[in-house]
Amino acid sequence: MTSTYQAPFISAVPIDQIRYSEQGLVPAIVQDYLDGTVLMMAWMNRESLQKTLETGDTWFWSRSRQEFWHKGETSGHLQKVQAIRYDCDSDALLVTVEQIGDVACHTGERSCFHQVDGQKVAPPADTLSQVFAVICDRKAHPDPSSYTCKLLEGGDNKILKKIGEETAEVVMAFKDDEADAIAGEVADLLYHTLVALAHHDVDIKAVYRKLQERRR
């Protein structure tokens, strides 16, 4: 899938002003541009950064092989660069990408950062994505005591009724102009909307893509 989002912060990287190490390298943290998941860390040098800017794909420098490598060239899991930022000391890069195939790690995991205390866990993302992941898990592994499962079991009739109710409560909260109530009611509306997305098998990242397209 090719992103329609135009990346405005690629050409703005001052290659000659980046502070490379004595080995001529700079660490590059790669992050999903939609939900903020940290996908991997690799090394760039001046030339691989230049290749990245010219092609719009990520290119890195392999310290072990002493050669350039084009991320996803063999696996097909390319990274389409959306933006490149550098930190306050200009000695580290943050590269936000559209991860083709949603797999960045050579092990087949979405992110290289998938281990905690020896256990395999999903990498953290933004709050909505994390809540959506829990809802999808409830759908895949029903629990009779789960409110989410009861909503999913009730289908559109139950879910859409709740969305209607929560929408009305959001309106009333805004009319009352109470910040905490507004936040709480909007959270309820977002949650029930996420349940509806899961019920209809629509990934939250599809919503994010629409927002990014409209952001232009």
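Here, the structure is the one placed above.
Overview of the structure. (Residues numbered from 1 in each chain as written. Predicted model: local features only at pLDDT ≥ 70, side-chain atom pairs only at ≥ 80, totals over all residues. Heavy atoms only, no water.)

Comments concerning the packing of aromatic side chains
Stated precisely, the cut-off is as follows: Whether two aromatic rings pair depends on their centres lying within 6.5 Å, for rings of Phe, Tyr and Trp, where Trp uses its six-membered ring; planes under 30 degrees apart make the pair stacked, over 60 edge-to-face, and the rest tilted. Using a 1.4 Å probe on the protein chains alone, a residue whose accessible area is under 20% of its type maximum counts as buried, one over 50% counts as exposed, and one in between counts as partly exposed. In this scheme, the term charge over a ring applies when either NZ of a lysine or CZ of an arginine sits within 6 Å of the ring centre and within 35 degrees of the ring normal.
Using the criterion set out here, one finds three aromatic pairs in the structure. Plain terms: the ring middles of Trp 61 and Phe 68 are 5.1 Å apart, the flat faces sit at 75° to each other, and that makes the pair edge-to-face. Look at Trp 61 and you get buried, because its relative accessible area is 17%. When the ring centre of Trp 59 is taken as origin, the NZ or CZ atom of Lys 51, which lies over that ring, is 4.4 Å away. Residue placement shows Lys 51 over the ring face of Phe 68; its charged tip is 5.7 Å from the ring centre.

Focus: the pairing of strand β3 (residues 59–62)
For clarity, the cut-off: Put simply, DSSP H or I for four residues or longer makes a helix, DSSP E for two residues or longer makes a strand, and each gets a number counted from the N terminus. Note on pairing: two strands pair once DSSP finds at least 2 bridges between them.
The side-chain alternation of β3 yields two buried faces, one formed by Trp 59 and Trp 61 and the other by Phe 60 and Ser 62. The sheet contact formed by β3 and strand β4 (residues 67–70) spans four bridges and is antiparallel. If you follow Ser 62 over to β4, its bridge partner there is Glu 67. Between β3 and the antiparallel strand that follows it, β4, lie four residues; Gln 66 among them carries a positive phi value of about 55°.

A few points about a nonpolar patch on the surface
Where we set the bar: The patches described consist of residues with a relative accessible area above 30% and no salt bridge, like charges being joined within 9 Å and nonpolar side chains (Val, Leu, Ile, Met, Phe, Trp, Tyr) within 5 Å. Residue burial considers only the protein chains on display, and all accessible areas are found by Shrake-Rupley using a 1.4 Å probe. We define a salt bridge as a side-chain nitrogen of Lys or Arg found within 4 Å of a carboxyl oxygen belonging to Asp or Glu.
Side chains of Ile 29, Val 38, Met 41 and Phe 113 sit close together on the surface and give an oily, nonpolar patch of about 310 Å² of accessible area. Here Met 41 shows up in strand β2 (residues 38–45). Residue Met 41 is classed as partly exposed on the basis of its relative accessible area of 37%.

So, the packing of helix α2 (residues 127–140) against helix α4 (residues 179–199)
Keep this limit in mind: Lines are fitted to the C-alpha atoms to define the axes, a helix being fitted only along its stretch in contact, and any angle between axes, read from their N-to-C directions, falls within 0 to 180 degrees. The cut-offs work like this: below 35 degrees is roughly parallel, past 145 is roughly antiparallel, 65 to 115 is roughly perpendicular, and the gaps in between are oblique. By convention the crossing between two helices is left-handed if the near helix lies anticlockwise of the far one by an angle smaller than a right angle, and right-handed if it lies clockwise. Note on contacts: a residue pair qualifies if any of its non-hydrogen atoms lie within 4.5 Å across the two residues. Each residue is assigned to one class: nonpolar for Ala, Val, Leu, Ile, Met, Phe, Trp, Tyr, Cys and Pro, charged for Asp, Glu, Lys and Arg, and polar for all the others, Gly among them.
Running from amino to carboxyl end, α2 crosses α4 at an angle of 50°, the nearest separation of the two axes being 9 Å. Relative to α4, α2 is oriented oblique. As for the relative orientation of α2 and α4, their crossing is right-handed in sense. Each of Leu 128, Val 131, Phe 132, Ile 135, Cys 136 and Lys 139 in α2 lies in contact with α4, whose residues at this interface are Leu 190, Tyr 191, Leu 194, Val 195, Leu 197, Ala 198 and His 199. Class assignment of the residues belonging to the contact of α2 with α4 gives a composition of 11 nonpolar, one polar and one charged.

Thoughts on helix α1 (residues 46–55)
Counted only if it meets this: Throughout, the arc means that of the directions going from the helix axis to the C-beta atoms. Two N or O atoms count as a polar contact when they lie within 3.5 Å, although within protein this holds only if one can serve as hydrogen donor and the other as acceptor, and sequence-adjacent residues are included solely when both atoms are side-chain atoms.
Three or more residues of α1 are buried, namely Ser 48, Leu 49, Thr 52 and Leu 53. For α1, the angular spread of buried residues about the axis comes to 140°, placing them on one side. Among the structural elements, β2, β3, β4, β5 (79–86) and β6 (93–99) are those in contact with the buried residues of α1. At the N-terminal boundary of α1, the capping side chain belongs to Asn 45, with an oxygen 3.2 Å from the backbone nitrogen of Glu 47. Where α1 terminates, the next one or two residues include Gly 56, which has phi positive at roughly 85°.

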